[in-house]
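Residues per chain are reported as follows:
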Amino acid sequence: MATFAALPGVTMKVEKHIDIREFDYDLPPGAIAQFPLEQRDASKLVICRKNVIEEDVFLRMDEHLPEGSLVIFNNTRVIRARLIFTKNTGATIEIFCLEPVLPFSEVQSAFLEKETCTWNCLIGNVKRWKDGSLHKKFHHHNILYELTATLKGNHGEGCFLVEFRWTPSQTRFSEILEMAGKVPLPPYIERAPGDSDLVRYQTIYAEHEGSVAAPTAGLHFSEEVIRRLRKKNMDLQQVTLHVGLGTFRPVSAADIADHVMHEERIIVHHSVIEKLLQHHKKPLVAVGTTSVRTLESLYWAGVKLLTDKSPVSEIGQWDPYEEKYEVNIPVSNALEAVLTEMRRTKQDEYQLATRLMIIPGYRFRLVDILITNFHQPQSTLLLLVAAFVGNNWKAVYEYAIRNQFRFLSYGDACLFFRHEGD
């Protein structure tokens, strides 16, 4: 299927034609966690290192990580992206805001908009909304707000363009969502969101608004876990990847080569890149698959800067697998190239879009250790895990099901040490 050389400096060859059915497993409905545990760090933890599977609790994560590790968190903040409207007929229309389109496509700018904006959305019960506008009135601090949604057309891939207008017009759109929106729990959590989800479907270090789903590996971290990591001289740093539509899009193609990855935006401060350079020979721990994709995308941005000799706006889905970029540029050179570009453009943060697809055979450039949750069968996230730990993923998942671990967003956690090849 996929082959690659385990020795550094050897060109990577990857077979993109992978049958997604090879990454299936039997997930009992009862194994899907519908609620979080009372304590974040009480989750069970399965550990896979050198083909050995162990079990512990998340609170003791520090005991399993090397002292002095660099730990990277995704500090994106989940927005209340679900808006519920009721038509005069009594029909309920649910609008799920995915990403801004007009007047800005950049999330932070779009949140600052006043009076009107247009977003790409998923729409529940769209057949009942053929024309006209939807209206929603609500009070907050004794002020009456009115939000109007107008369907502007099909945006493709099951999505629609929706124009929002609201009064009072001086209110920012982020405030409208905060007041009128609901927590965007994933569809496999078969219940309405409650007040506890406002806190628990958010990491304790969430900062930059923009995600429509939580980076769920981070949900296990408590202040006590953070304290214990710091006590072992671990350097804790943050990046940002705003989780988008790709989280909800299943792999519908039998051949993974035919699957289209959705674009997500990453933001990395120059100080974090400098930390990556300083810690290059120490273990690097990624909290969640979003942190993995951010870090690996950063490497490929440096490769593209050095290869193409031009600014980089996007990491394409298959860029790492193209012959043009099948080079063995050291991590330090790639990161230095990004820093040089930032100095040239006088930017403190490096921002770009990524569609990076990590599949078995991919050679990880930065990440040594991965903290993650259990992922859905036949998903791109499971492919990433399989790329990281090899066929060991099957034994881990079988162990977890046999030992009644809790799965998916509110479920238990995994600690994976990178598999170095056969």
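Just above sits the structure.
Conventions we followed
Residues numbered from 1 in each chain as written. Predicted model: local features only at pLDDT ≥ 70, side-chain atom pairs only at ≥ 80, totals over all residues. Heavy atoms only, no water. Helix = DSSP H or I, 4+ residues; strand = E, 2+ residues; numbered from the N terminus. Rg over C-alpha atoms; globule rule 2.2 N^0.38 Å. Contact = heavy atoms within 4.5 Å. Areas by Shrake-Rupley, 256 points an atom, 1.4 Å probe, with all protein chains shown as cover. Lys, Arg positive; Asp, Glu negative; His and termini not counted. Charge placed at Lys NZ, Arg CZ, Asp CG, Glu CD. Axes fitted to C-alpha atoms, helices over the stretch in contact; angles between N-to-C directions. Nonpolar A, V, L, I, M, F, W, Y, C, P; charged D, E, K, R; others polar. Phe/Tyr/Trp six-rings, centres within 6.5 Å; stacked < 30°, edge-to-face > 60°. Buried < 20%, exposed > 50% of the residue type's maximum accessible area, 1.4 Å probe, protein only. Pairing = 2+ DSSP bridges. Salt bridge = Lys/Arg side-chain N within 4 Å of Asp/Glu carboxyl O. Core = buried A, V, L, I, M, F, W, Y, C linked by side-chain atoms within 4.5 Å. Expected span 1.5 Å × (residues − 1).

A. Highlighting the overall build of the protein chain. Looking only at helices and strands, one finds 9 helices and 18 strands in the protein chain. For the protein chain, the C-alpha radius of gyration of 22 Å lies close to 22 Å, the compact-globule estimate for 422 residues. Reported as C-alpha extents along the three principal axes, the dimensions of the protein chain are approximately 65 × 50 × 45 Å. Put simply, 74% of the contacts in the protein chain that link residues at least 6 apart link residues at least 24 apart. Accessible surface computed for the protein chain: about 18,800 Å², of which carbon and sulfur atoms make up 48%. In the protein chain, the 48 positive side-chain charges and the 53 negative ones have mean positions that sit 2 Å from each other.

B. Spotlight on the packing of helix α8 (residues 380–389) against helix α9 (residues 392–402). Where α8 meets α9, the closest approach of the two axes is 8 Å, and the angle between their N-to-C directions is 115°. Two secondary-structure elements touch here, α8 through Leu382, Val385, Ala386 and Val389 and α9 through Asn392, Trp393 and Tyr397. A per-class count over the contact of α8 with α9 returns 6 nonpolar, 1 polar and no charged.

C. Main features of the packing of aromatic side chains. Tallied over the full model, the rule gives 24 aromatic pairs. A ring pair is formed by Trp119 and Phe173, whose centres lie 5.6 Å apart and whose planes are at 45°; its orientation type is tilted. In this pair, Trp119 sits in strand β7 (residues 116–124) while Phe173 sits in helix α2 (residues 173–180), placing the two residues 54 residues apart along the sequence. Judged by its relative accessible area of 0%, Phe173 falls in the buried class. A centroid spacing of 5.9 Å and a plane angle of 75° characterise the contact between Phe374 and Phe405, whose relative ring orientation is edge-to-face. Of the two residues, Phe374 sits in the loop between β17 (369–373) and α8 while Phe405 sits in the loop between α9 and β18 (413–417), which places them 31 residues apart along the sequence. For the residue pair Phe374 and Phe405, the accessibility class agrees, reading buried in each case. Site record: aromatic cluster; members linked through ring pairs are Phe23, Tyr25, Phe374, Trp393, Tyr397, Tyr399, Phe405 and Phe407.

D. Geometry of the sheet that holds β17. Taken in spatial order, the 10 strands line up as β2-β1-β18-β17-β14-β3-β12-β13-β16-β15 in an open sheet, and their pairing is mixed. In the strand order of this sheet, the two ends are held by β2 (52–57) and β15 (314–315), each with one partner. Along the sheet, α8 contacts β17 and β18; its crossing angle with β18, the most-contacted strand, is approximately 35°.

E. The arrangement of the pattern of salt bridges in detail. Taken as a whole and assessed by the stated rule, the structure comprises 19 salt bridges. Linking Glu163 and Arg165 is a salt bridge whose minimum nitrogen-to-oxygen distance equals 3.4 Å. Using a relative accessible area of 17% as the deciding quantity, one classes Glu163 as buried.

F. Expanded view of unusual backbone geometry. Pro103 follows Leu102 through a cis peptide bond whose omega is -5°. Within the secondary structure layout, Pro103 lies in the loop between β6 (92–102) and α1 (107–111). Pro168 follows Thr167 through a cis peptide bond whose omega is -5°. Tracing the chain through its elements places Pro168 in the loop between β10 (159–167) and α2. Look at Gln378: it is not a glycine, yet its phi comes out positive at around 55°. Here Gln378 shows up in the loop between β17 and α8. Note on Gln378: relative accessible area 24%, which makes it partly exposed. Backbone geometry at Gln404 places phi at a positive 60°, although glycine is not the residue there. The residue Gln404 is located in the loop between α9 and β18 in this model.

G. The arrangement of α8 in detail. Buried residues dominate α8, accounting for 9 of its 10 residues. Residues of α8 that are buried include every one of Thr380, Leu382, Leu383, Leu384, Val385, Ala386, Ala387, Phe388 and Val389, and no others. For α8, the elements touching its buried residues are α6 (289–308), β17, α9 and β18. Taken from the residues just after α8, Gly390 is the one with a positive phi, measuring 70°.

H. Representation of the pairing of β17 within the structure. Most of β17 is tucked away: 5 of the 5 residues are buried. Of the two faces of β17, both are covered, the one formed by Ile369, Ile371 and Asn373 as well as the one formed by Leu370 and Thr372. Relative to β17, strand β14 (residues 284–287) is paired through 3 bridges, and the arrangement is parallel. Across the sheet, residue Ala286 finds its bridge partner in β17, namely Leu370.

I. Local environment of the nonpolar core. Core analysis: the biggest nonpolar cluster contains 87 residues, and Tyr350 and Phe407 have the highest contact counts within it. Contacts of Tyr350, omitting those with residues within four sequence positions, involve Ile266, Ile267, Val268, Ile273, Leu298, Ala301, Leu305, Val312, Val338, Glu341 and Met342. The next biggest cluster of nonpolar side chains, apart from the first, holds 32 residues, and it includes Val107, Leu147, Phe164 and Ala180.

J. Molecular detail of helix α7 (residues 331–345). Taking 1.5 Å per residue as the helical rise, α7 with its 15 residues ought to reach 21 Å, and the 21 Å between its terminal C-alpha atoms agrees with that figure. Looking only at α7, the buried set comprises Val331, Ala334, Leu335, Ala337, Val338, Leu339, Glu341 and Met342. At its buried positions, α7 is contacted by β13 (264–269), α5 (270–278), α6 and β16 (349–354). One or two residues past the end of α7 sits Lys346, with phi positive at roughly 55°.

K. Layout of the sheet that holds β6. As summarised here, the arrangement of the 6 strands in space is β5-β6-β7-β10-β9-β8, forming an open sheet in which the pairing is antiparallel. Strands at the two margins of the open sheet, each flanked by one partner only, are β5 (82–86) and β8 (133–140). Sheet twist, expressed as the average angle between the axes of neighbouring strands with direction ignored, equals 40°. Looking at chain direction, β5 and β6 are connected through 5 bridges and run antiparallel. When the bridges of β6 are listed, Thr86 appears paired with Thr92. Against the sheet, α2 contacts β5, β6, β7, β8, β9 (143–156) and β10, and its axis sits at roughly 80° relative to β8.

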